[in-house]
Amino acid sequence: MAGKGSSRADSMSCSVLNWEQVSRLHDILTEVVPIHGRGNFPTLKITLKDIVHTVRSRLSEAGIVVHDVRLNGSAAGHVLVKDNGLGCKDLDLIFQVSLPSEAEFQLVRDVVLRSLLNFLPEGVSKLKISPVTLKEAYIQKLVKVYTETDRWSLISLSNKHGKNVELKFVDCIRRQFEFSVDSFQIILDSLLFYYDYSETPMSEHFHPTVIGESMYGDFEAAFDHLQNKLIATKNPEEIRGGGLLKYSNLLVRDFRPMDKDEIKTLERYMCSRFFIDFPDILDQQRKLETYLQNHFSKEERSKYDYLMILRRVVNESTVCLMGHERRQTLNLISLLALKVLAEQNVIPNATNVTCYYQPAPYVSDANFSNYYLASAPVLYGQSYPTWLPCN
């Protein structure tokens, strides 16, 4: 019976892509994406199918088996529903591999870096270019997680327009999504095999079978949420940061909670987990500024609305902070919002103006004045106990 239950669950989480979706997937895999080099290093021109082929072949030569390759994140959502309100930001690829020790992590990193040599323009001498040099020139971000429940690494290739190519090598990972609408993964192996061995152009009546999977557990439900811009999740307290910043991002894009009664409880869980992971005001500021930079780089006019929505959620749903800690966070969000308006030289409609007051006396900021918008970190002179019991 257990086997039947598992098979039923797998069936619910997966679906076959139609021709329109396969066609969009093909466009993404064959689009030329520039990887910009720092300094005098030339721009690399790659396609996802070529980087996957090169990295997979090199890993196989090094003795690391790739079980499958998947397209993840906003690009997968775009393939399934073209105009879904989320856009198509980073191009996220997941390589399912075994990473039993630190040696495999190092080997994967070196393989990816050496694979970049294949994409250097003709005429560039490759003899003296080391992996360290390639890392400094083309890598936006390197992440390694090695715990009992999570073993994965991330290598992000830099694109100055914000469309980074992110290669994620996963052995095991406890949580692979925040909300149902970002839970999709598309298994690429059948299409990659077709590229390697078929000379017949794809068409509506002749193309490989491509499978999509929702980590949410119910593909049809998650697909309906994406089509109709609905917000749903499971156990947000398991998500690093609680999904709070992504939740506010969905709200500013006109997504709406699927269950209006349940969402208030979920908001409290989101806020609680966010303040567990980012208890310090400077950590919160760094996280917020990084999120704004990564997710609103070409949407400057949405930043203020996003911050106002985030402020409302924090104000209404934070139950585990002491009063002054909560006011500090609200003040931080307010200052960031005012800074956004100042940078844009925008004066909002009077009906949308929120007035902010000078922080309480226990907040010591030598630079504060009624007219000053701080660009440096907002510093607070004393530390206070953060948590009160949650009843």
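**Description of the overall build of the protein chain**
Okay, step 1: Scanning the protein chain for helices and strands turns up 13 helices and 12 strands.
Okay, step 2: Across the protein chain, the fraction of contacts at a sequence separation of at least 24, relative to all contacts at a separation of at least 6, is 71%.
Okay, step 3: For the protein chain, the exposed area adds up to about 20,200 Å²; of that, 50% sits on carbon and sulfur atoms.

**Here we look at the side chain of Q21**
Okay, step 1: Here Q21 shows up in helix α2 (residues 19-30).
Okay, step 2: Excluding anything up to four places from it in sequence, Q21 contacts V79, L80 and F223.

**Some words on the pairing of strand β8 (residues 165-172)**
Okay, step 1: Summarising the sheet, strand β5 (residues 91-96) and β8 pair through 6 bridges and their orientation is parallel. From the neighbouring strand, F95 faces β8, where its bridge partner is F169.
Okay, step 2: Alignment of strand β7 (residues 151-157) against β8, held across 7 bridges, turns out to be antiparallel. Paired with S156 across the bridge in β8 is E166.

**Some remarks on the pairing of strand β6 (residues 139-146)**
Okay, step 1: Taken together, the 7 bridges between β6 and β7 define a ladder with antiparallel strand orientation. What sits directly across from L142, in β7, is I155.
Okay, step 2: Connecting β6 to the antiparallel partner β7 that follows it, the hairpin turn spans 4 residues.

**Some words on helix α10 (residues 262-277)**
Okay, step 1: Between its first and last C-alpha, α10 extends 23 Å over 16 residues, near the 22 Å set by a 1.5 Å rise per residue.
Okay, step 2: Among all positions of α10, only I263, L266, E267, M270, C271, S272, R273, F274, F275 and D277 are buried.
Okay, step 3: Buried residues in α10 make contact with α9 (244-252), β12 (256-257), α11 (281-295), α12 (300-317) and α13 (323-344).

**Let's talk about the packing of aromatic side chains**
Within a pair of aromatic rings, the relevant descriptors are the distance that separates the centres and the angle that separates the planes.
Okay, step 1: Applying the stated criterion across every chain, the model contains 13 aromatic pairs.
Okay, step 2: Residues F193 and Y197 carry aromatic rings whose centres are separated by 4.6 Å and whose planes lie at 40° to one another, so their mutual orientation is tilted. Here F193 and its partner Y197 are both found in helix α7 (residues 189-197), 4 residues apart, which amounts to about one turn of the helix.
Okay, step 3: Look at F193 and you get exposed, because its relative accessible area is 52%.
Okay, step 4: Note on Y197: relative accessible area 63%, which makes it exposed.
Okay, step 5: Through successive ring pairs, a cluster of aromatic residues spans F184, F219 and F223.
Okay, step 6: The cationic tip of K144 hangs over the ring face of F105; the distance from NZ or CZ to the ring centre is 5.8 Å.
Okay, step 7: Against the face of F177 rests R175, its NZ or CZ located 4.3 Å from the ring centre.

**Some points on the environment of L142**
Okay, step 1: Looking at where L142 falls in the secondary structure, it is placed in strand β6.
Okay, step 2: By relative accessible area, L142 is classed as partly exposed at 36%.
Okay, step 3: Spatially, the C-alpha atom of L142 lies 9.3 Å from that of L157, the residues being 15 residues apart in sequence.

**Things to note about the packing of α9 against α11**
Okay, step 1: At a minimum axis separation of 11 Å, α9 and α11 run at an interaxial angle of 45°. As far as their axial angle goes, α11 and α9 are oblique. Crossing angle aside, the handedness with which α9 passes α11 is right-handed. Mapping the contact onto sequence places L245, K246 and N249 in α9 and K287, L288, Y291 and H295 in α11.
Okay, step 2: Residues of the contact of α9 with α11, tallied by class, amount to 3 nonpolar, 2 polar and 2 charged.

**Some words on the nonpolar core**
Okay, step 1: Membership of the largest hydrophobic core comes to 101 residues, with the highest contact counts inside it found for L71, F95, F169 and I186.
Okay, step 2: Residues within four places of F95 in sequence aside, it is in contact with V52, V55, V66, D68, V69, L167, K168, F169 and V170.
Okay, step 3: One finds I94, W152, L154 and V170 within the second-largest nonpolar core, a separate group that totals 5 residues.

**Points about the confidence of the model for the protein chain**
Okay, step 1: Looking at the protein chain, the pLDDT average stands at 86 and 86% of residues meet or exceed 70.
Okay, step 2: Considering only residues more than four positions removed or in separate chains, one finds that residues 1-6, a stretch of pLDDT under 50, has 0 contacts.
Okay, step 3: A low-confidence stretch, residues 360-391 (pLDDT under 50), is modelled with 51 contacts involving residues beyond four sequence positions or located in other chains.

**Observations regarding the packing of α10 against α12**
Packed helix pairs are specified by the crossing angle of their axes together with the interaxial distance, meaning the distance between the axes.
Okay, step 1: Direction vectors running N to C along α10 and α12 enclose 95°, while the axes themselves pass 9 Å from each other. In terms of orientation, α10 lies roughly perpendicular with respect to α12. Between α10 and α12, the contacting residues are K264, E267, R268, C271 and F275 on the first element and R312, V313, V314, E316 and S317 on the second.
Okay, step 2: Here the residues of the contact of α10 with α12 are counted per class, giving 4 nonpolar, 1 polar and 5 charged.

**Here we look at helix α3 (residues 48-61)**
Okay, step 1: Between the first and last C-alpha of α3 there are 20 Å, a value that for 14 residues agrees with the 20 Å anticipated at 1.5 Å per step.
Okay, step 2: All buried positions along α3 are accounted for by L48, I51, V52, T54, V55 and L59.
Okay, step 3: Of the residues trailing α3, G63 is marked for its positive phi of about 90°.

The rules we used
Residues numbered from 1 in each chain as written. Predicted model: local features only at pLDDT ≥ 70, side-chain atom pairs only at ≥ 80, totals over all residues. Heavy atoms only, no water. Helix = DSSP H or I, 4+ residues; strand = E, 2+ residues; numbered from the N terminus. Contact = heavy atoms within 4.5 Å. Areas by Shrake-Rupley, 256 points an atom, 1.4 Å probe, with all protein chains shown as cover. Pairing = 2+ DSSP bridges. Expected span 1.5 Å × (residues − 1). Buried < 20%, exposed > 50% of the residue type's maximum accessible area, 1.4 Å probe, protein only. Phe/Tyr/Trp six-rings, centres within 6.5 Å; stacked < 30°, edge-to-face > 60°. Lys NZ or Arg CZ within 6 Å of the ring centre and 35° of its normal. Axes fitted to C-alpha atoms, helices over the stretch in contact; angles between N-to-C directions. Parallel < 35°, antiparallel > 145°, perpendicular 65-115°, else oblique. Left-handed = near helix turned anticlockwise from the far one by under 90°. Nonpolar A, V, L, I, M, F, W, Y, C, P; charged D, E, K, R; others polar. Core = buried A, V, L, I, M, F, W, Y, C linked by side-chain atoms within 4.5 Å. pLDDT = per-residue confidence, 0-100.

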